[in-house]
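A structural walkthrough
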Amino acid sequence: MQAVIMAGGKGTRLAALTKDEIPKPMVPVAGKPLLLWQVERLKENGITDIIMVIGHLGDKIKEYFGDGEKFGVSIRYFEETEPLGTAGSFYYLKDMIHGDRFVMMSGDLFFDIDFQRMIHFHEEKGAVATLFVHPNGHPFDSDLLVLDHDDKITAFDSKHNVRDYWYENCVNAGIFVFEKKICDYVPEPVKRNLENDVIKGMLEAGEPIYGYCSPEYVKDVGTVDRVNQTLADIERGVIAGKCLKNKQRCIFMDRDGTINQYKGLVYKEEDFTLEDCTVDAIRKINQSGRLGIVITNQPVVARGLCGIEDVENIHKKMETLLGKEGVFLDDVFYCPHHPDKGYPEENPAYKIPCECRKPKTGMIQKAAERYNIDLSGSWMIGDTTMDIQTGINAGMRTALVLTGEAGNDKKYDVKPDLVCKDLLDAVEKILQID
């Protein structure tokens, strides 16, 4: 497998650090160039054949890395004599790339990810292009992607759109796996934008384009503030820990009565209101390096009160509201089933026994497999004894919050590890314990 690093950026927003003496990808981060961090992460993943696309002050990169031998890799260069955008160089790269596929990344990213897991996803889906996507703390001013239930990309949602609608916090991070045939979509050596010109063109042509959703650390360090944020994250030791090669710890949360105010069965978006403490609680989870994942039963679908699209729109509202406050959830899992029949408007397709409905652990097991979660080191927070029983069934520790039903459902005779005022109190106590 080869890697292509787009390392031609000038980095005007980093002028205070580069002083126009070094190219943007050579900006120092914790004592070494950003580009060296990328090369080292690629090497750790067994990717040692690297092509660097260089431009402004590209000689500085060639002087530092040479042919890559002293870093344990092989490096070749393509030098743009005039700017070709983020994809114009593909016209030339098709003659430099060996094999059928390659990984690509922007040269201004700091990352630590399990590339083999992403490549396996790409191969399993039969994708022509796979984009690494993740939630971030500013989706309101980010270009977003729309994915279907199979993680296939169906549309781009530009940050310039007037978003008078709820949306998923699903951001293109700038790391890709491509089949070599993507180069055929750049038939001329002219300036091209990767997303707007090439990938959108592939979508229109019916090519299978997928989003690989991952909570791993990928940060654009194209500004001084973002470099400083990355330095702080290095010092806190959270970056390597978030790589999915390593077991993850997670705080699983119920939805109704825990994250949002309890109003019985919530099936209309206007009935969804966050608890006052929710933003602060999730911010602490984000800062801790743990995953924050929602696990919720939504029998409103089986009851015939609404459809799947209505539940998902409520979840988009949840993600939008959180994103506007600079926080995010790593994922949301819901069960639309309910086994008991007899409601006049019920939807028989969902009136079935299943393995996902709490207190069964199907949703949690799915999350654990997707994100390599250590359940013994994770927690379940909820407002019902059903939530507590679910956590116990999954081998986790549990916290009951006194919002929502406050444990008064009394469906299960269980004792939580913690009893807490609300979600924020629960998160603070969990983080104090371990």
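Above this text you will find the structure in question.
Residues numbered from 1 in each chain as written. Predicted model: local features only at pLDDT ≥ 70, side-chain atom pairs only at ≥ 80, totals over all residues. Heavy atoms only, no water.

Observations regarding the sheet that holds strand β16 (residues 331–335)
A sheet is described by the order of its strands in space; here six strands give the open sequence β16-β15-β14-β17-β18-β19, paired in parallel fashion. In this open sheet, the two edge strands, each paired with only one partner strand, are β16 and β19 (418–420). Geometrically, the sheet is characterised by an average inter-axis angle of 20° between neighbouring strands, direction not taken into account. Where strand β17 (residues 379–382) meets strand β18 (residues 397–401), four bridges bridge the pair, whose relative direction is parallel. Its bridge partner being in β18, Trp 379 is matched across the sheet by Arg 397. (Pairing = 2+ DSSP bridges. Helix = DSSP H or I, 4+ residues; strand = E, 2+ residues; numbered from the N terminus. Axes fitted to C-alpha atoms, helices over the stretch in contact; angles between N-to-C directions.)

Quick look at the packing of helix α8 (residues 278–288) against helix α12 (residues 423–433)
At a minimum axis distance of 8 Å, the contact between α8 and α12 shows a crossing angle of 25°. The orientation of α8 relative to α12 falls into the category roughly parallel. Note on packing geometry: the crossing formed by α8 with α12 is left-handed. For the pair α8 and α12, the contacting residues are Thr 278, Asp 280, Ala 281, Lys 284, Ile 285 and Ser 288 in the first and Leu 423, Leu 424, Val 427, Glu 428 and Leu 431 in the second. Residues that form the contact of α8 with α12 fall into these classes: six nonpolar, two polar and three charged. (Parallel < 35°, antiparallel > 145°, perpendicular 65-115°, else oblique. Left-handed = near helix turned anticlockwise from the far one by under 90°. Contact = heavy atoms within 4.5 Å. Nonpolar A, V, L, I, M, F, W, Y, C, P; charged D, E, K, R; others polar.)

Digging into the side chain of Gln 298
Inspection of the secondary structure puts Gln 298 in the loop between β15 (291–297) and α9 (308–324). Excluding residues that lie within four positions of it along the chain, Gln 298 makes contacts with Arg 255, Asp 256, Val 266, Val 311, Tyr 334, Cys 335 and Pro 336.

With respect to the packing of helix α2 (residues 34–44) against helix α3 (residues 58–65)
The geometry of α2 relative to α3 is characterised by a closest axis approach of 11 Å and an angle of 50° between their N-to-C directions. Considering the angle they form, α2 stands oblique to α3. Here α2 runs over α3; the crossing is right-handed. On the side of α2, the interface is formed by Leu 35, Leu 36 and Val 39, while α3 contributes Ile 61, Tyr 64 and Phe 65. Partitioned by chemical class, the residues of the contact of α2 with α3 number six nonpolar, no polar and no charged.

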